[in-house]
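Listed below, chain by chain, are the residues.
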Amino acid sequence: MSNNRSAVGHLGGGDAPPCKQPLEVIETEQGYVCREFRRTPEEATIFSVHRRRMEAMAAASDRLEADRHPCTLRWDSETSVGDVYWNDLFSTLRVTYSQLLKKWLVVPEGERYVFGSASAVKQAYEYGKQAQEQFDFKELAVHARDGSIEKTVEHPFLRESITDANVKFNR
């Protein structure tokens, strides 16, 4: 951590979001499984198993909100993701300029937590990319000083279009 970066957790009065794995609902030999998404599925914690996909999706939705996971991947097959459902708390991470602090801040849209601050927008953008990757935010929006959005960086799940019919997802 550089001297320029602030990992202040209570600037806005809130705590950092939990750094949890995304969820996934996938059909296995046991049924429809709601579990952590891991590159190596054998390492994933299984939360529940259901006979129907709708039941598994309902369980994943409840867990998504209650345990604050960033998103749920709904698999249509072993290699194809049908859709990604995002937790609203993880929809947008912003790099924005604070007139009060005279610094660039990396904050979730609700601004309850500051992931980092820097004097230069480039450094704040780097902090933002790191936080987006670590906490699985859907998008990183980089704002100009006037508040307009200059750049938006989507989560790799979206950039790689894993829900397109002709794209096969490689864990």
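A. Inspection of the overall build of the chain at higher detail. The secondary structure content of the chain amounts to 3 helices and 10 strands. A total of 171 residues make up the chain; the buried ones form 43% of that total. In the chain, the share of contacts with a sequence separation of at least 24, taken over all contacts with a separation of at least 6, comes to 45%.

B. Broad picture of unusual backbone geometry. A positive phi is found at arginine 68, a non-glycine position, where the angle reads about 60°. Within the fold, arginine 68 resides in the loop between α1 (53-66) and β4 (71-77). Phi at lysine 102 takes a positive value of approximately 60°, unusual for a residue other than glycine. One can find lysine 102 in the loop between β6 (92-98) and β7 (103-108).

C. How the structure looks around the nonpolar core. Ranked by size, the top nonpolar core spans 18 residues in total, and within it Leu93, Val95, Val106, Phe115, Ala124, Phe137 and Leu140 carry the most contacts. At the level of elements, β6, β7, α2 (121-135) and β9 (139-143) are the ones that each hand at least two residues to this core. Top contributing element to this core by residue count: α2, with 5 residues. Listed in part, the 9 residues of the second largest apolar core include Ile26, Phe37, Cys71 and Leu73.

D. View of the pairing of β4. Along β4, 5 of the 7 residues are buried, which leaves the element largely enclosed by surrounding structure. Note: strand β1 (residues 23-28) against β4, 3 bridges, orientation parallel. Bridging from a neighbouring strand, glutamate 24 pairs with leucine 73 of β4. Hairpin remark: β4 followed by strand β5 (residues 80-86), antiparallel, with 2 residues in the connecting loop.

E. Examining the packing of aromatic side chains more closely. Applying the stated criterion to the full structure yields 5 aromatic pairs. With centroids separated by 5.4 Å and ring planes inclined at 45°, the aromatic side chains of phenylalanine 90 and phenylalanine 137 adopt a geometry described as tilted. Of this pair, phenylalanine 90 sits in the loop between β5 and β6 while phenylalanine 137 sits in the loop between α2 and β9, and the two are 47 residues apart along the sequence. The class for phenylalanine 90 is buried, based on a relative accessible area of 0%. Using a relative accessible area of 0% as the deciding quantity, one classes phenylalanine 137 as buried. Here tyrosine 97 and tryptophan 104 contribute two aromatic rings whose centre-to-centre distance is 5.1 Å and whose plane-to-plane angle is 65°, an arrangement assigned as edge-to-face. Pair check on accessibility: tyrosine 97 and tryptophan 104 agree, each one buried. One aromatic cluster is present, formed by Phe90, Tyr113, Phe115, Phe135 and Phe137 through successive ring pairs. Sitting over the ring of phenylalanine 47, arginine 63 keeps its end group 3.9 Å from the ring centre. Taking NZ or CZ as reference, arginine 145 lies 4.0 Å from the ring centre of tyrosine 97, over its face.

What counts, and where the lines are drawn
Residues numbered from 1 in each chain as written. Predicted model: local features only at pLDDT ≥ 70, side-chain atom pairs only at ≥ 80, totals over all residues. Heavy atoms only, no water. Helix = DSSP H or I, 4+ residues; strand = E, 2+ residues; numbered from the N terminus. Buried < 20%, exposed > 50% of the residue type's maximum accessible area, 1.4 Å probe, protein only. Contact = heavy atoms within 4.5 Å. Core = buried A, V, L, I, M, F, W, Y, C linked by side-chain atoms within 4.5 Å. Pairing = 2+ DSSP bridges. Phe/Tyr/Trp six-rings, centres within 6.5 Å; stacked < 30°, edge-to-face > 60°. Lys NZ or Arg CZ within 6 Å of the ring centre and 35° of its normal.

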